[in-house]
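Here is what each chain is made of, one letter per residue.
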Amino acid sequence: MSKKKSKTGHEALGGNTKLVHMGRNPDAYFGLANLPVGRVSTIMYPSLEAYENPSHKFRYGRVGNPASEAFETAIAELEEGCNAITASSGLGAITTAILAFVKSGDHLLMCDGIYPPTRQFCDDTLRRMGVEVEYYDPLIGKGIEKRIRKNTTLIYMESPCSATFEVQDVPAIAAAAKKHGVMTMIDNSWSGGLLFKPIRHGVNVSVQSATKYIGGHSDLTMGVAVADTEKTYKTLKRGAVNIGAFASPDDLWLALRGLRTMAVRMKQNAQNAMVVAQWLEKQPEIKRVFYPPLKNDPSHKLWKRDFSGANGLLAILLKEAPKKAASDFVNGLELFPIGSSWGGYESLLQPQYLEKYRSAVPWTEKGACLRLQIGLEDPEDLIVDLEKGLERFRKACK
Ligand SMILES: *Cc1c(COP(=O)(O)O)cnc(C)c1O
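Residues numbered from 1 in each chain as written. Predicted model: local features only at pLDDT ≥ 70, side-chain atom pairs only at ≥ 80, totals over all residues. Heavy atoms only, no water.

Visitor: Please explain the pattern of salt bridges as it appears in this structure.
Guide: Pairing between side chains of opposite charge can happen when the charged atoms of each approach one another. Across all of its chains, the model carries 17 salt bridges by this definition. Note that Asp 106 and Lys 103 form a salt bridge whose closest N and O atoms lie 2.9 Å from each other. Residue Asp 106 is classed as buried on the basis of its relative accessible area, which comes to 4%. Judged by relative accessible area, Lys 103 falls into the exposed class, the value being 52%. (Salt bridge = Lys/Arg side-chain N within 4 Å of Asp/Glu carboxyl O. Buried < 20%, exposed > 50% of the residue type's maximum accessible area, 1.4 Å probe, protein only.)

So, in structure tokens, the structure goes:
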């Protein structure tokens, strides 16, 4: 447990207890259990003196309001950080955080297993601004030290990686970065801020898409970046204000509500995913299952060392087969609609095209890679659906 002082003094409590209590203050709102939604742009002042008083908590809706304060302090507490900023999407929080700390001429070390839109931001926007982006093998561990140059200012991680779920040795990478005065950031979306505590391991900024497990119901888009110290937070917040990063009070409210039940939802997602993953592992049509909680997953050991639990996100690699076989598998599924995002209550499938998104460790597999979000359905029903899919796959292979 972190020794850091949190704003609400809940630092001694466990994660589940924190999720219930953090970011709440019923006494301030007539005893309402939850914060009322405060839609806001203008904040009014009774006098010139009040307007000129710099100690005002809220000055303008975009810069800070009761909903952003409630969510940001809550998530900072969960992630054992100092404070946080929010943005209208996970990608918005990622780009806001990176832009707040890099400048032209900098060298950025970026994880090769990064969320593809983050990669596109690096290859397009950052390179256009004169930032040198170098992708590194997610499993590089302490070997990252050899990649650090004089102009390296930021090492960016994502653990587990998108689609293939390699777990990075975050403590080793953060330690190497610290030794050379290089800043670290991580995309912590997979853990929801609950299952892994990057800041405890020395990471400076932990970013996540609140769209996923925090939201949990596929009905909001929001992102958050948590800073380790007041100094980091000041730069992060200034960067956010400068580019107008902002989350709407309605989405903040939904995200706060999602936080309350995230732990139980994730636990069930993970339990269901394990049942499905263990079944998938035994199917001859499936070459590999990517899910760190499986004992056979190459990242199992690191996941067990650093994570306190799992979620429902996994991927499968189908055996190399004619295109029609993968199509027949996917198209006939009844409980796995094709869709982006994850972390909701429902199961989803998203095809992956990793040959386009890997450069440090090129993707050479020929079979179809499919990401599955295992939802809150009965896992037995999901297995029946997948089994029928594999029957169609076999038929198409003949
Ligand atoms: C979805 C996702 C994001 C982006 O989140 P949005 O809210 O959709 O912008 C960032 N990182 C990871 C790992 C994701 O899966």
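Further notes follow.
Visitor: Hey, could you run me through the state of the cysteines in this one?
Guide: Where two cysteines share a covalent bond between their sulfur atoms, that bond is called a disulfide. One pass over the structure, following the stated rule, counts 0 disulfides. A disulfide-free cysteine, Cys 122 has its sulfur positioned 11 Å from the sulfur of Cys 111, the nearest such atom. (Disulfide = S-S within 2.5 Å.)

Visitor: Looking at this model, I keep getting lost on the site of the ligand. Mind explaining?
Guide: Around the ligand, the surrounding shell holds 15 residues, and the nearest of these are Gly 90, Leu 91, Asp 187, Thr 211 and Lys 212. Take Leu 91: an N or O atom from its main chain is 2.8 Å from an oxygen atom of the ligand. With respect to the ligand, the side chain of Trp 342 contributes an N or O atom lying 2.9 Å from an oxygen atom. Contact with the protein chains hides 89% of the accessible area of the ligand, taken as 380 Å² for the molecule alone. Classifying every residue of the shell around the ligand gives 5 nonpolar, 7 polar and 3 charged. (Near = heavy atom within 4 Å. Polar contact = N/O pair within 3.5 Å; in protein donor to acceptor, adjacent residues only side chain to side chain. Areas by Shrake-Rupley, 256 points an atom, 1.4 Å probe, with all protein chains shown as cover. Nonpolar A, V, L, I, M, F, W, Y, C, P; charged D, E, K, R; others polar.)

Visitor: Sorry, what's going on with the sheet that holds strand 8 (residues 286–290) here?
Guide: The strands making up a sheet associate through hydrogen bonds between their backbones, and the pairing can be parallel or antiparallel. Taken in spatial order, the 4 strands make up an open sheet running 8-9-11-10, and their pairing is antiparallel. Two strands close off the open sheet at either side, each with one partner strand: strand 8 and strand 10 (348–352). Adjacent strand axes in the sheet meet at a mean angle of 25°, parallel and antiparallel pairs treated alike. Pairing of strand 9 (residues 313–318) with strand 11 (residues 369–373) involves 5 bridges; the strand directions are antiparallel. Considered in strand 11, the bridge of Leu 317 is made with Cys 369. (Pairing = 2+ DSSP bridges. Helix = DSSP H or I, 4+ residues; strand = E, 2+ residues; numbered from the N terminus. Axes fitted to C-alpha atoms, helices over the stretch in contact; angles between N-to-C directions.)

Visitor: Would you mind going over the nonpolar core with me for this structure?
Guide: Across soluble globular proteins, you tend to see nonpolar side chains buried next to one another. Residues Phe 71, Leu 259, Leu 280, Ile 316 and Phe 329 are the most contacted members of the largest nonpolar core, which totals 91 residues. Here the element with the most residues in this core is helix 8 (residues 249–281); it accounts for 13 residues. (Core = buried A, V, L, I, M, F, W, Y, C linked by side-chain atoms within 4.5 Å.)

Visitor: Just checking my understanding: could you explain the pairing of strand 4 (residues 152–158) for this structure?
Guide: A regular strand carries its side chains on alternate faces of the sheet. Burial analysis of strand 4 places 6 of its 7 residues in the buried class, which makes it a mostly covered element. For strand 2 (residues 107–111) and strand 4, the ladder comprises 4 bridges, and the chain directions are parallel. Within strand 4, the residue paired with His 107 across the bridge is Thr 152. Looking at chain direction, strand 4 and strand 5 (residues 183–187) are connected through 5 bridges and run parallel. Bridge assignment links Leu 154 to a residue of strand 5, and that residue is Met 183. The β-α-β motif built from strand 4, the intervening helix 6 (residues 170–179) and the parallel element strand 5 has right-handed crossover chirality. (Right-handed = clockwise from strand over helix to strand, strands pointing away.)

Visitor: Is there a simple way to think about the packing of aromatic side chains in this case?
Guide: The geometry of two aromatic rings is summed up by the distance between their centres and the angle between their planes. Scanning the entire structure with this criterion turns up 5 aromatic pairs. Three or more aromatic residues joined by ring pairs make a cluster, and in this case those are Trp 190, Phe 196 and Phe 307. Positioned above the aromatic ring of Tyr 135, the side-chain terminus of Arg 119 is 4.0 Å from the ring centre. (Phe/Tyr/Trp six-rings, centres within 6.5 Å; stacked < 30°, edge-to-face > 60°. Lys NZ or Arg CZ within 6 Å of the ring centre and 35° of its normal.)

Visitor: Teacher, can you tell me more about the sheet that holds strand 1 (residues 83–87) here?
Guide: Pairing is mixed across the open sheet formed by 7 strands, whose spatial order is 1-7-6-5-4-2-3. Edge positions in the sheet fall to strand 1 and strand 3 (132–136), since each of these pairs with one other strand and no more. Geometrically, the sheet is characterised by an average inter-axis angle of 20° between neighbouring strands, direction not taken into account. Of the strands in this sheet, strand 1, strand 2, strand 4, strand 5, strand 6 (205–209) and strand 7 (223–227) touch helix 4 (residues 90–101), which is tilted by about 155° from strand 6. (Contact = heavy atoms within 4.5 Å.)

Visitor: Which parts of the structure should I look at to understand the packing of helix 4 against helix 7 (residues 230–243)?
Guide: Each packed pair of helices is defined by two parameters, the angle between the axes and the distance between the axes. Axis separation between helix 4 and helix 7 bottoms out at 8 Å; the angle between their running directions is 115°. Taken as axis vectors, helix 4 and helix 7 run roughly perpendicular relative to one another. Of the two possible hands of crossing, helix 4 and helix 7 adopt the one that is right-handed. Counting all contacts with helix 4, which are made through Thr 96, Ala 97, Ala 100 and Phe 101, the residues of helix 7 involved are Thr 232, Thr 235, Leu 236, Gly 239, Ala 240 and Ile 243. (Parallel < 35°, antiparallel > 145°, perpendicular 65-115°, else oblique. Left-handed = near helix turned anticlockwise from the far one by under 90°.)

Visitor: Quick question: what am I supposed to make of the packing of helix 10 (residues 323–331) against helix 11 (residues 379–397) here?
Guide: For the pair helix 10 and helix 11, the least separation of the axes is 8 Å and the interaxial angle reads 160°. Overall, the two elements helix 10 and helix 11 adopt an arrangement that is roughly antiparallel. Between helix 10 and helix 11 the crossing geometry is right-handed. Here helix 10 contributes Lys 324, Ala 325, Ala 326, Asp 328 and Phe 329 to the contact with helix 11, which in turn contributes Leu 386, Gly 389, Leu 390, Arg 392, Phe 393, Ala 396 and Cys 397. By residue class, the composition of the contact of helix 10 with helix 11 is 8 nonpolar, 1 polar and 3 charged.

Visitor: Is there a simple way to explain the environment of Leu 318 in this structure?
Guide: Here Leu 318 lies in strand 9. Setting aside anything within four residues of it in sequence, one finds Leu 318 in contact with Glu 285, Ile 286, Lys 287, Ala 326, Phe 329, Gly 367, Ala 368, Leu 370, Leu 390 and Phe 393.

Read these as spatial facts, not as claims about activity.
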